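# Geometric and topological summary
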Amino acid sequence: MTSLALNRPGSRRPDGEGSVQVKLDARFDTGTAKVFAVYGKGGIGKSTTSSNLSAAFSKIGKRVLQIGCDPKHDSTFTLTKKLMPTVIDVLESVEFHTEELRTEDFVFEGYNGVMCVEAGGPPAGTGCGGYVVGQTVKLLKEHRLLEDSDVVIFDVLGDVVCGGFASPLQHAERGIIVTANDFDSIFAMNRIVAAIQAKAQNYAVRLGGVIANRSKATDEIDRYCDATGMQRIAHFPDLDVIRRSRLKKSTIFEMEDSPELEAVQKEYLRLAAALWMGGDPVEAMPMKDREIFDFLGFD
């Protein structure tokens, strides 16, 4: 069950100054699974990255659950080869009587055994994304799917890190950011770093690092990392084979072999192994908006 935690006298410190956040029922934890929430600027390739990372985790023998948290519900498209019904669609079909649902009504098996869930979202302009995420996690917990997973990946809507779509951070162990080597992507990353820090005040989530995506070079990303303490944990170049994999409804592990593709596959497998092993969280200090405008050369 969800409720709003307001900034009242005597209440615990909110996630951000003047914030109104979706507070999740503490009974719905995620067991022993390693949980990652993936964020980044809209259109940066989060779903492609999340799906390939899920596939890589499965390749190293882990039981993986990927949860798409975008109303357009295409996070797991390359894993399942089609658009899946959303949790909200399924709940509406039984008038929100969750006891009538079976696991197979809302969880679908994808490539190499990756289990796929699309949370969906409220109708445009109404409702709260946090409520949708909360209902999805509650349903997964009731069916013991979180406890039965080794890895859970939340693939979250774009760069609008409002209280609702920041709610996956309340479940995650690490927040991971996907960015490109350009101003808009790095600007969005900087704000997401601040959002993760805000959630870390009251939850176990910590910053896990940044994945450079769709970029030949990483000089601007690396310069930001050096200035703030951020850490780049992987680099996936702007290759046509990755773009085509999305068009072919495939993960990169299903595409025709080539030297450049093999390098990308190895990088995903390396990243999955490193994330599984864990390690110290990244300690980064985000810049103020004016600072990052000046830092990135905006005139």
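Residues numbered from 1 in each chain as written. Predicted model: local features only at pLDDT ≥ 70, side-chain atom pairs only at ≥ 80, totals over all residues. Heavy atoms only, no water.

## Thoughts on the pattern of salt bridges
A pair can form between side chains of opposite charge whenever their charged atoms are brought close. What the rule picks out here adds up to 15 salt bridges. Several salt bridges converge on common partners, so that one network encompasses Asp70, Lys72, Asp74 and Arg246. (Salt bridge = Lys/Arg side-chain N within 4 Å of Asp/Glu carboxyl O.)

## Some details on the side chain of Thr80
Checked against the element boundaries, Thr80 lands in helix H2 (residues 77-80). Among the polar contacts made by the side chain of Thr80, one reaches the main-chain carbonyl oxygen of Lys82 at a distance of 2.8 Å. In contact with Thr80, other than residues within four places in its own chain, are Glu109, Gly110 and Cys116. (Helix = DSSP H or I, 4+ residues; strand = E, 2+ residues; numbered from the N terminus. Polar contact = N/O pair within 3.5 Å; in protein donor to acceptor, adjacent residues only side chain to side chain. Contact = heavy atoms within 4.5 Å.)

## Structural notes on helix H5 (residues 183-200)
If you check H5, its first and last C-alpha atoms are 26 Å apart, about what 18 residues at 1.5 Å a residue would give, namely 26 Å. Within the sequence span of H5, burial applies to Ser185, Ile186, Phe187, Ala188, Met189, Asn190, Ile192, Val193, Ala195, Ile196, Ala198 and Lys199. N-capping of H5 is provided by Asp182, with a side-chain oxygen placed 3.3 Å from the backbone N of Asp184. (Expected span 1.5 Å × (residues − 1). Buried < 20%, exposed > 50% of the residue type's maximum accessible area, 1.4 Å probe, protein only.)

## Quick notes on the confidence of the model for the protein
Within the protein, residue pLDDT values average 86, and 86% of them lie at 70 or more. Within the model, the stretch residues 1-12 combines pLDDT values under 50 with 28 contacts to residues more than four positions away or in other chains. This stretch, residues 17-22, has a pLDDT under 50; its non-local contacts, to residues over four places away or in other chains, come to 19 contacts. (pLDDT = per-residue confidence, 0-100.)

## A closer look at the sheet that holds strand E10 (residues 232-236)
Judged by pairing direction, the sheet is mixed, and its 8 strands sit side by side in the order E5-E6-E4-E7-E3-E8-E9-E10 without closing on themselves. A strand with exactly one partner marks an edge of an open sheet, and here the two such strands are strand E5 (108-109) and E10. In this sheet, strand E8 (residues 174-179) lies alongside strand E3 (residues 34-40) in parallel orientation, the contact comprising 5 bridges. For Val38, the partnering residue across the bridge sits in E8 and is Ile176. With respect to the sheet, helix H4 (residues 129-142) is in contact with strand E4 (64-69), strand E6 (115-118) and strand E7 (151-156), its orientation differing from that of E4 by roughly 155 degrees. H5 contacts E3, E8 and strand E9 (206-213) of the sheet and is inclined by roughly 175 degrees relative to E8. (Pairing = 2+ DSSP bridges. Axes fitted to C-alpha atoms, helices over the stretch in contact; angles between N-to-C directions.)

## Notes on helix H1 (residues 46-59)
Along its 14 residues, H1 runs 20 Å from first to last C-alpha, staying within 8% of the 20 Å computed at 1.5 Å per residue. Counted residue by residue, H1 has 13 buried out of 14 residues, so it is predominantly covered. Of the residues trailing H1, Gly61 is marked for its positive phi of about 90 degrees.

## Side note on a negative patch on the surface
Together, Glu95, Glu99, Glu100 and Glu142 line one region of the surface with negative charge. Within the secondary structure layout, Glu99 lies in the loop between helix H3 (87-93) and E5. A residue is classified by how much of its surface remains accessible, and Glu99, at 60% relative accessible area, is exposed. (Patch = residues over 30% accessible without salt bridge, like charges linked within 9 Å, V, L, I, M, F, W, Y side chains within 5 Å. Areas by Shrake-Rupley, 256 points an atom, 1.4 Å probe, with all protein chains shown as cover. Lys, Arg positive; Asp, Glu negative; His and termini not counted. Charge placed at Lys NZ, Arg CZ, Asp CG, Glu CD.)

## A look at the nonpolar core
Soluble globular proteins tend to bury their nonpolar side chains together. The biggest cluster of nonpolar side chains holds 52 residues, and the ones touching the most others in it are Phe106, Leu140, Phe154 and Met230. At the level of elements, E3, E4, H3, H4, E7, H5, E9 and helix H6 (219-228) are the ones that each hand at least two residues to this core. Discounting chain neighbours no more than four positions away, the residues touching Phe154 are Val35, Phe36, Ala37, Val38, Ile67, Cys69, Val133, Val137, Pro168 and His171. Listed in part, the 33 residues of the second largest apolar core include Leu53, Val114, Ile176 and Val264. (Core = buried A, V, L, I, M, F, W, Y, C linked by side-chain atoms within 4.5 Å.)

## Regarding the packing of aromatic side chains
Applying the stated criterion across every chain yields a total of 5 aromatic pairs. Between Phe236 and Tyr268 the ring centres are 3.8 Å apart and the planes differ by 15 degrees, which places this aromatic pair in the stacked class. You can see Phe236 sitting in strand E10 and its partner Tyr268 sitting in helix H8 (residues 259-277), a full 32 residues away along the chain. When its relative accessible area of 0% is taken as the criterion, Phe236 is described as buried. Assessed through its relative accessible area of 2%, Tyr268 is described here as buried. The structure contains a cluster of three or more aromatic residues connected by ring pairs, namely Phe183, Phe187 and Phe293. Sitting over the ring of Trp276, Lys34 keeps its end group 5.4 Å from the ring centre. The side chain of Arg223 reaches across the aromatic face of Phe295, ending 4.1 Å from its centre. (Phe/Tyr/Trp six-rings, centres within 6.5 Å; stacked < 30°, edge-to-face > 60°. Lys NZ or Arg CZ within 6 Å of the ring centre and 35° of its normal.)

## Topic: the pairing of E6
Along a regular strand, successive side chains alternate from one face of the sheet to the other. The pairing of E4 with E6 spans 4 bridges and is classified as parallel. What sits directly across from Leu65, in E6, is Met115. Both E5 and E6 contribute to a ladder of 2 bridges, which runs antiparallel. Among the inter-strand pairings, Glu109 is bridged to a residue of E6, identified as Met115.

## Concerning the packing of H1 against H8
Contact geometry for H1 and H8: axes closest at 8 Å, N-to-C directions at 75 degrees. Accordingly, the angle class assigned to the pair H1 and H8 is roughly perpendicular. Packed against H1, whose contacting residues are Thr48, Thr49, Asn52, Leu53, Ala56, Phe57 and Lys59, the element H8 presents Tyr268, Leu269, Leu271, Ala272, Leu275 and Trp276 at the interface. (Parallel < 35°, antiparallel > 145°, perpendicular 65-115°, else oblique.)

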